Amino acid sequence: MKEITLHVAYMPLQHTNKELREEFDKMLDRFDLRGRVGCISTDNARENIAMMRRYSQDIDNSWSFDYAVRCMNHSHQLCIKEMLLTQECVHLVQKAIRQAGIINLGGGGRKTAFAKCCHDAGLDDATIARVNVTRWHSQYNILRDILPVPPELEGVWREVLDRFNRIYTKEEGLAALVWSDEEWARVRQLRKVLQTFKDVMIDGEHSKEPGLNLVLSYYELLMSHCEGPLIPDWLKEGAKACQVRLAEFYDHTSDLYYAATSLGPRLKMTPFSDDAGV
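Predicted, not measured: the structure shown is a model, and the values here were computed from it.

K.L.:
When you look at the pattern of salt bridges in this model, what are you seeing that I'm missing?
P.N.:
Note that side chains of opposite charge can pair when their charged atoms are close. Tallied over the entire structure, the rule returns 14 salt bridges. A salt bridge links Arg245 to Glu248, with the shortest nitrogen-to-oxygen separation between them at 3.1 Å. Residue Arg245 and its partner Glu248 are both found in helix H11 (residues 236–251); the two are separated by three residues, about one turn of the helix. Residue class for Arg245 comes out partly exposed when judged on its relative accessible area of 24%.

K.L.:
Looking at this structure, I do not really get the packing of aromatic side chains. What am I missing?
P.N.:
Note on aromatic pairs: each is described by the distance of the centres and the angle between the planes. Counted according to the given criterion, the structure contains seven aromatic pairs. Each ring, one from Phe114 and one from Trp157, has its centre 5.8 Å from the other, and the planes form 85°; the classification is edge-to-face. Pair noted here: Phe114 is in helix H5 (residues 108–120) and Trp157 is in helix H7 (residues 154–168), with a separation of 43 residues, a long-range link. Just as Phe114 is buried, Trp157 falls in that class too. Taken together, a centroid distance of 4.6 Å and an interplanar angle of 35° make the contact between Phe164 and Tyr168 tilted. With Phe164 and Tyr168 both in helix H7 and four residues apart, this pair spans about one turn of that helix.

K.L.:
Help me understand the nonpolar core, please; the structure alone is not making it clear to me.
P.N.:
A general feature of soluble globular proteins is that nonpolar side chains tend to end up buried together. Counting 60 residues, the largest nonpolar core has Met83, Trp157, Leu190, Leu194, Phe197 and Leu246 as the members making the most contacts within it. Here this core gets eight residues from one element, more than from any other, and that element is helix H9 (residues 181–206). Setting aside residues no more than four positions away along its own chain, Met83 makes contact with Cys89, Leu190, Val193, Leu194, Phe197, Leu235, Gly238, Ala239 and Cys242. By size, the runner-up hydrophobic cluster in this structure holds eleven residues, among which are Phe24, Met27, Ile40 and Tyr55.

K.L.:
Would you explain the side chain of Gln243 in this entry?
P.N.:
Structurally, Gln243 can be placed in helix H11. Residue classification places Gln243 among the buried positions, given a relative accessible area of 11%. Side-chain polar atoms of Gln243 contact the backbone oxygen of Met223, separated by 2.9 Å. When near neighbours in sequence (up to four residues on either side) are disregarded, Gln243 contacts Met223, Cys226 and Glu227.

Conventions adopted
Residues numbered from 1 in each chain as written. Predicted model: local features only at pLDDT ≥ 70, side-chain atom pairs only at ≥ 80, totals over all residues. Heavy atoms only, no water. Salt bridge = Lys/Arg side-chain N within 4 Å of Asp/Glu carboxyl O. Helix = DSSP H or I, 4+ residues; strand = E, 2+ residues; numbered from the N terminus. Buried < 20%, exposed > 50% of the residue type's maximum accessible area, 1.4 Å probe, protein only. Phe/Tyr/Trp six-rings, centres within 6.5 Å; stacked < 30°, edge-to-face > 60°. Core = buried A, V, L, I, M, F, W, Y, C linked by side-chain atoms within 4.5 Å. Contact = heavy atoms within 4.5 Å. Polar contact = N/O pair within 3.5 Å; in protein donor to acceptor, adjacent residues only side chain to side chain.

All we've got here are geometric facts, nothing functional implied.
Structure follows, in structure tokens:
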């Protein structure tokens, strides 16, 4: 499979489905591609979906909306967002962001001081990533960095954070950075749950196969994960919301996905065997 960039458009107007369709038309005509479109892949933005529906209905009757492919990573983003928007997850992520701010917002000098605190305690130098609150994997990274040590070193790590917070945090804000045993336990649990989503994303990005071959198996794996043994009681409501959203995207798949799955060299019809129960 080869990838070739044919057209990059500057669109100063609003990205409505009408504007998107007109720009797509120009590209089809310029490269004589009408009637030759196999599938179209976009994210899940409303105007993109509307553009593809209008395209299938009004412009090129040889192409069906069934061949619209939704970006897997963007779909994951929307599903995991359902989990991370629950009250318990918001609390943990926001607290981790506050902690990162104490270390990162003071410039290089504060980072150097934090590294020295870690070194004096016998820990490897640690850094805490800046977070993009709109991206789930950025929130995963900050949960990873906020507790980077194995369980046997957790007590030492917590002492370092506490000492650093007392130096660089005003007294009235210090209480917000006191981590309870339960909160640290939940950080580890949430990070472990999100790790499976991270593994799926990395597997898809590094796969030498066309991603379409793997979409169905990824959805099935993640839906099962959302009700599996790694989900603690406090996270079950959020995991259920994530699972429901995953099922919605799974239901949006068409025969195109099933054909790609059955022909995929990794799976070789496995999902459709009698043993798979499908």
